[in-house]
Amino acid sequence: MYCPFCNANDSKVTDSRLIREGNQVRRRRECLICKERFTTYETAELTLPQIVKRDGRRDRFNEDKLRAGIQRALEKRPVSAIQVDLIINSVIRKMRAFGEKEILSSQLGEWVMESLRNLDPVAYVRFASVYRSFQDIKEFHEEINRLQDLEPTPE
């Protein structure tokens, strides 16, 4: 690993920790030449299935795009960045376990909605309204009624 300060290629690892639910390794390194310390991250490079869009186009999975959609739904909601990361990691795990070379974008949307439904019902309805292309207030009302039917009643 080249030192980002002096560009030397000799460094030693001073600390390693698993992060992101064990999907990434964070390493603290020290340059043997200039003695500066820096952090590196290591992730296994696994290929995820291609995403098949509604119109039939195929795209590579884009984690940033998924994160942006989830964050839009969660705007001004009391949900932490860690909880967003957990949703994204859950979707990625499900994609890997799916076992196919292609996956429908609708399946990804369903997984996200399932997570949001359990995390924040307002964010769920926001996401569902875009994902399912609600056309009028009636569709919002129907989705809210479905959501209320799923909630356990207090005893």
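The coordinates are above.
Fair warning: this is a prediction, and the values are worked out from it, not measured in the lab.

Points about the pairing of strand 1 (residues 11-19)
As judged from the eight bridges shared by strand 1 and strand 2 (residues 24-31), these two strands associate in the antiparallel manner. Across the sheet, the residue bridging to Leu18 is Val25, located in strand 2. Counted between consecutive antiparallel strands, the loop separating strand 1 from strand 2 contains four residues, among which Arg20 sits at a positive phi close to 50°.

Quick word on the sheet that holds strand 3 (residues 37-43)
Strands sit in the order 1-2-3 across an open sheet of three strands; the sheet is antiparallel. Every other strand in the sheet has two partners, leaving strand 1 and strand 3 as the edge strands with one partner each. Shown here is a sheet whose adjacent strand axes are inclined to one another by a mean of 25°, direction ignored. Relative to strand 3, strand 2 runs antiparallel, the two being bridged by seven bridges. Each residue of the ladder has a partner; that of Arg26, found in strand 3, is Tyr41.

Considerations on the packing of helix 2 (residues 81-98) against helix 3 (residues 105-119)
Packed helix pairs are characterised by how far apart their axes lie and by the angle those axes make with each other. Between helix 2 and helix 3, the least distance of the axes is 10 Å, while the angle of their chain directions is 145°. The handedness of the crossing between helix 2 and helix 3 is right-handed. In this structure, helix 2 contributes Gln83, Ile87, Val91, Lys94, Met95 and Phe98 to the contact, and helix 3 contributes Leu108, Trp111, Val112, Glu114, Ser115, Leu116 and Leu119. When the residues that make up the contact of helix 2 with helix 3 are grouped by side-chain class, the tally is nine nonpolar, two polar and two charged.

Overview of the sheet that holds strand 4 (residues 50-52)
Strand pairs in the sheet, formed through backbone hydrogen bonds, run parallel or antiparallel to each other. Read across the open sheet, the three strands follow the order 5-4-6; overall the sheet is mixed. Edge positions in the open sheet fall to strand 5 (58-59) and strand 6 (102-104), since each of these has one partner strand only. Helix 3 contacts strand 4 and strand 6 of the sheet and is inclined by roughly 60° relative to strand 6.

Considering the pattern of salt bridges
One pass over the full model with this rule turns up 11 salt bridges. With a shortest N-O distance of 3.9 Å, Lys53 and Asp59 are connected by a salt bridge. The shortest N-O distance in the salt bridge between Arg57 and Asp59 comes to 3.6 Å. For Arg57, a relative accessible area of 46% corresponds to the partly exposed category. A single salt-bridge network, built from bridges that share partners, covers Lys53, Asp55, Arg57 and Asp59.

What counts, and at which threshold
- Residues numbered from 1 in each chain as written.
- Predicted model: local features only at pLDDT ≥ 70, side-chain atom pairs only at ≥ 80, totals over all residues.
- Heavy atoms only, no water.
- Pairing = 2+ DSSP bridges.
- Helix = DSSP H or I, 4+ residues; strand = E, 2+ residues; numbered from the N terminus.
- Axes fitted to C-alpha atoms, helices over the stretch in contact; angles between N-to-C directions.
- Left-handed = near helix turned anticlockwise from the far one by under 90°.
- Contact = heavy atoms within 4.5 Å.
- Nonpolar A, V, L, I, M, F, W, Y, C, P; charged D, E, K, R; others polar.
- Salt bridge = Lys/Arg side-chain N within 4 Å of Asp/Glu carboxyl O.
- Buried < 20%, exposed > 50% of the residue type's maximum accessible area, 1.4 Å probe, protein only.

Remember that the coordinates give geometry; whether it matters functionally is a separate question.
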